[in-house]
Amino acid sequence: MNHPLPLPSVAAPDKVAFHRTELGVILSLYGRMVAAGEWRDYGISCLRDVAIFSVFRRTAEYPLYRIEKRPRLRGKQGQYAVIGMDGQILKRGADLSQVLRVLERKLIRAVD
């Protein structure tokens, strides 16, 4: 009696994603920046080691900013970072709201 061999289970690699509460904080800032005319579009990438929220001034261009979540850096520099268009890390830390404050300052300047 032949038994079919079980197929090896190939689990999809886990992907890093933003949690609903994290997205709430990010989208709140995004909405205020859109209302101020600073930002126009966004994209979200969920990869193996990082989740990225990219912010664009116009569609089909390089992102102005990337908000990244890297859980592996949680115990080191902090899992959240805001990165500018030139690749420079503008702020890094463990608290998403604190890290996003670097962009809040730009909103205050835009309203003045």
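Analysis parameters
Residues numbered from 1 in each chain as written. Predicted model: local features only at pLDDT ≥ 70, side-chain atom pairs only at ≥ 80, totals over all residues. Heavy atoms only, no water. Phe/Tyr/Trp six-rings, centres within 6.5 Å; stacked < 30°, edge-to-face > 60°. Helix = DSSP H or I, 4+ residues; strand = E, 2+ residues; numbered from the N terminus. Buried < 20%, exposed > 50% of the residue type's maximum accessible area, 1.4 Å probe, protein only. Pairing = 2+ DSSP bridges. Salt bridge = Lys/Arg side-chain N within 4 Å of Asp/Glu carboxyl O.

**Section: the packing of aromatic side chains**
Scanning the model with the defined rule gives five aromatic pairs in all. Aromatic side chains Tyr42 and Phe53 sit 4.9 Å apart centroid to centroid with 10 degrees between the ring planes, which places their arrangement in the stacked category. Of this pair, Tyr42 sits in strand β1 (residues 41-46) while Phe53 sits in strand β2 (residues 51-56); the two residues are eleven residues apart in sequence, bridging distant segments of the chain. Phe53 sits in the buried class, given a relative accessible area of 0%. A connected cluster of aromatic rings, assembled from ring pairs, spans Tyr30, Trp39, Tyr42, Phe53 and Tyr65.

**Comments concerning the pairing of strand β3 (residues 65-69)**
If a strand is regular, its side chains alternate between the two faces of the sheet. Across the five residues that make up β3, a large majority, four, are buried. By the bridge criterion, five bridges tie β2 to β3 in an arrangement that is antiparallel. Paired with Ala51 across the bridge in β3 is Lys69. Pairing of β3 with strand β4 (residues 80-84), which is carried by five bridges, proceeds in the antiparallel orientation. Opposite Lys69, over in β4, you have Tyr80 as the bridge partner.

**Re the pattern of salt bridges**
Counted according to the given criterion, the structure contains five salt bridges. Among the ionic pairs, Glu22 bridges to Lys69, the shortest N-O distance being 3.0 Å. Residue Glu22 is located in helix α1 (residues 20-35), and its partner Lys69 is located in strand β3; the two are separated by 47 residues in the primary sequence. For Lys69, a relative accessible area of 10% corresponds to the buried category. A salt bridge links Glu104 to Arg32; the shortest N-O distance between them is 2.4 Å. Taken together, the residues span a long stretch of sequence, with Glu104 in helix α2 (residues 96-111) and Arg32 in helix α1 at a distance of 72 residues.

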